[in-house]
Amino acid sequence: MSDKTVSIYNLSDLDEGQRAALLRRTENELSQFSELVVPIIEDVRVRGDAALVEFARKFDRAAISLSQIAVKREEFDAAKRLVDPALIETLQFAAHNIRHFHERQLPEGLALHETHPGVLVGDRWTSIDSVACYVPRGKGSFPSSVLMTALPAKVAGVSEVIVITPPGPDGTVDPATLVAAEIAGVSKVFKCGGAQGIAAVAYGTETVPHCEKVVGPGSPWVVAAKKQLSSIIDPGSPAGPSELIIFSDGSVSADLVALDLCVESEHGPDSSVFFVTTSRSFAEEVAALLPKYWQKMPEGRADFSRTVLSGTKGGIVVADDLSSAFAFINDYAAEHLALLVENAWQYLPQIRNAGEILLGPYSAIAVANFVLGPSHVLPTGGAAKTTSPLSVFDFMKRTSIASVSKNAYVLFAHHAESLARYEGFAGHANSVSAMRDEAYGARE
Ligand SMILES: NC(=O)c1ccc[n+]([C@@H]2O[C@H](COP(=O)([O-])OP(=O)(O)OC[C@H]3O[C@@H](n4cnc5c(N)ncnc54)[C@H](O)[C@@H]3O)[C@@H](O)[C@H]2O)c1
Ligand SMILES: N[C@H](CO)Cc1c[nH]c[nH+]1
Ligand SMILES: [Zn+2]
């Protein structure tokens, strides 16, 4: 047991520096990881599979051989025998909801509008060619993350979807992760995690194919490697250590708030979890309840939660009024935001920045993490200010399409020539004027 106590901050007592420190996440402090991943990445670039085998031994304590990097058919079959059928049913339930949610997101393949007679402009959406889904395995296993990344990619139509994940010390992939991959229609799974896994899909190795993009959550090693390799592979939006802000006006029980504070704080000491409220007495009530719920958790997880909630990356924030509470929430731009209040819809207009907003106690954070439908891979580290949750759009690209008829060309050529001459582009101007003359000629 530990004597750590939950941090309680009075927002109005904080100076600018202290407030800014609360908004900072582990992910924003990547410098030590950024340096350490450089030799790992370089080694994978130069030595490929041989480096992956060595790093699996060093960082995952897994003695795998070159021929064991790619998961074999027999390993999928063995995994299915090992996983409880009830859990397989749950994975199928989650997959159904995730697939359904993302199918509804799909844009029209080709959407054109006539802006002038004879002028069609619009967008064509096509899928990207290949993607690697990173599935973590350091402080737990994440079959749910397979579904939350691979299914949107599959729905988007990506033809090559692979999974990379660290091997366990026995050299195997977590069995439920393999079952989830099969449910998602992914047959290529590779045993490589951390920075070395990201380098493998960026450069390609003898066994691991190069991919156009890598998505999925991961430890700071993964996040730092993605940043480092962003000119070689599209690293997607950041998905670092889990984050949660709970807001409550006191209209639900303090127990409910305390229980949900334990949710994302149990991921690891690098997670960030805050409870924001305007009531000091409610804050103290929630803080006093936390030890009761830590006792109901395994010591390792309880210790992560205590560390987060009693440190500087978590705790309870007491605001003087609702407007300063929501100002903090919007500045923070949390990955997950839970409104634990009776009438949650009333607060929705106050929130501009969050990866997801869970309205009311039944739209529970744990339900959203696993089975609701929207992907649990959401922007972390404050990126929710400018980026969106993982969706089919991460696996598709938009191409502008335009078609101008001969008759419509005359008007457009006239205006294009004006701008071309103003900007000093004679080649541009000549090309439209010559073509316009030809079009005029054709009309006369
Ligand atoms: N944002 C999301 O959607 C989401 C979802 C699930 C999990 N998460 C987060 O993902 C993270 C998962 O992290 P994790 O650690 O459990 O798994 P991980 O697979 O991301 O990291 C483990 C790997 O890191 C590498 N590593 C560990 N120590 C190292 C060292 N000293 N030097 C070099 N490499 C080293 C190893 O390769 C190891 O396999 C957690 O922070 C969790 O909060 C986020
Ligand atoms: N909290 C993670 C996303 O931030 C999702 C997850 C998976 N398993 C447990 N939690
Ligand atoms: Zn979680």
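Residues numbered from 1 in each chain as written. Chains lettered and ligands numbered in written order. Predicted model: local features only at pLDDT ≥ 70, side-chain atom pairs only at ≥ 80, totals over all residues. Heavy atoms only, no water.

## Thoughts on the domain arrangement of the chain
Domains assigned within the chain are domain 1 (8-19 + 241-372), domain 2 (31-111 + 129-237) and domain 3 (405-443). Each of domain 1 and domain 2 has a C-alpha centre, and these two points are 30 Å apart. In this complex, domain 1 contributes 12 residues to the contact, which on the side of domain 2 involves 10 residues. Of the roughly 780 Å² buried where domain 1 meets domain 2, counting both sides, 60% is carbon and sulfur surface. (Domains from an automatic or database assignment. Contact = heavy atoms within 4.5 Å. Buried area = accessible area lost by both parts, 1.4 Å probe.)

## Some thoughts on the coordination of the zinc ion (ligand 3)
The coordination sphere of the zinc ion (ligand 3), as far as protein atoms go, consists of E264 (OE), H267 (NE2) and N369 (OD1), spread over 2.1 to 2.2 Å. In the primary sequence, the donor residues of the zinc ion (ligand 3) line up as E-x2-H-x101-N. With H267 in the loop between α10 (254-265) and β9 (272-277) and N369 in helix α14 (residues 365-370), the pair connects residues that are 102 residues apart, well separated along the chain. (Donors = N, O, S within 2.8 Å, 3.2 Å for Na, K, Ca; no water. Helix = DSSP H or I, 4+ residues; strand = E, 2+ residues; numbered from the N terminus.)

## With respect to the side chain of R306
Mapped onto the elements of the fold, R306 is located in helix α12 (residues 299-309). Residue R306 is classed as buried on the basis of its relative accessible area, which comes to 1%. Within the structure, the side chain of R306 is placed 2.5 Å from the side chain of E299, a separation counted as a polar contact. (Buried < 20%, exposed > 50% of the residue type's maximum accessible area, 1.4 Å probe, protein only. Polar contact = N/O pair within 3.5 Å; in protein donor to acceptor, adjacent residues only side chain to side chain.)

## Structural notes on the pattern of salt bridges
If you walk through the whole model with that rule in mind, you get 20 salt bridges. One salt bridge connects R73 with D77, and the closest N-O pair in it is separated by 2.9 Å. Separated by 4 residues within a single helix, R73 and D77 lie in helix α4 (residues 73-82), roughly one turn from each other. In this structure R73 comes out as partly exposed when scored by relative accessible area, which is 41%. A salt bridge links K188 to E160, with the nearest nitrogen and oxygen atoms 3.1 Å apart. With a gap of 28 residues between them, K188 in strand β6 (residues 188-191) and E160 in strand β5 (residues 160-165) connect regions that are remote in the sequence. With relative accessibility at 23%, the residue E160 sits in the partly exposed group. (Salt bridge = Lys/Arg side-chain N within 4 Å of Asp/Glu carboxyl O.)

## Topic: the packing of helix α1 (residues 16-23) against helix α13 (residues 322-332)
Look at α1 against α13: their axes get within 9 Å of each other, and the N-to-C directions meet at 55°. Of the possible angle classes, the one that applies to α1 and α13 is oblique. Two packed elements cross with a definite hand, and for α1 against α13 that hand is right-handed. Each of R19, L22 and L23 in α1 lies in contact with α13, whose residues at this interface are A327, F328, D331 and Y332. Of the residues contributing to the contact of α1 with α13, the split by class is 5 nonpolar, no polar and 2 charged. (Axes fitted to C-alpha atoms, helices over the stretch in contact; angles between N-to-C directions. Parallel < 35°, antiparallel > 145°, perpendicular 65-115°, else oblique. Left-handed = near helix turned anticlockwise from the far one by under 90°. Nonpolar A, V, L, I, M, F, W, Y, C, P; charged D, E, K, R; others polar.)

## Focus on the site of ligand 2
Taken together, F142, S144, S242, E264, H267, E335, H336, N369, F370 and H376 make up all the residues around ligand 2. Within the side chain of E264, one N or O atom sits 2.6 Å away from a nitrogen atom of ligand 2. In the model, an oxygen atom of ligand 2 is placed 2.8 Å from a nitrogen or oxygen of the E335 side chain. Considering ligand 2 on its own, with 290 Å² of exposed area, one finds that the protein chains cover 89% of that surface. Looking at the shell around ligand 2 residue by residue, the class counts come to 2 nonpolar, 6 polar and 2 charged. (Near = heavy atom within 4 Å. Areas by Shrake-Rupley, 256 points an atom, 1.4 Å probe, with all protein chains shown as cover.)

## Regarding the sheet that holds strand β2 (residues 110-116)
Strand order in the open sheet formed by 3 strands is β2-β3-β13, and the pairing between neighbours is antiparallel. Edge strands, defined here as strands with exactly one partner in the open sheet, are β2 and β13 (396-404). Pairwise comparison of adjacent strand axes, ignoring direction, gives a mean angle of 20° for this sheet. Across 6 bridges, the pairing between β2 and strand β3 (residues 119-127) is antiparallel. Each residue of the ladder has a partner; that of L112, found in β3, is G122. Each of β2, β3 and β13 is contacted by helix α15 (residues 406-423), which is oriented at about 100° to β13, the strand it contacts most. (Pairing = 2+ DSSP bridges.)

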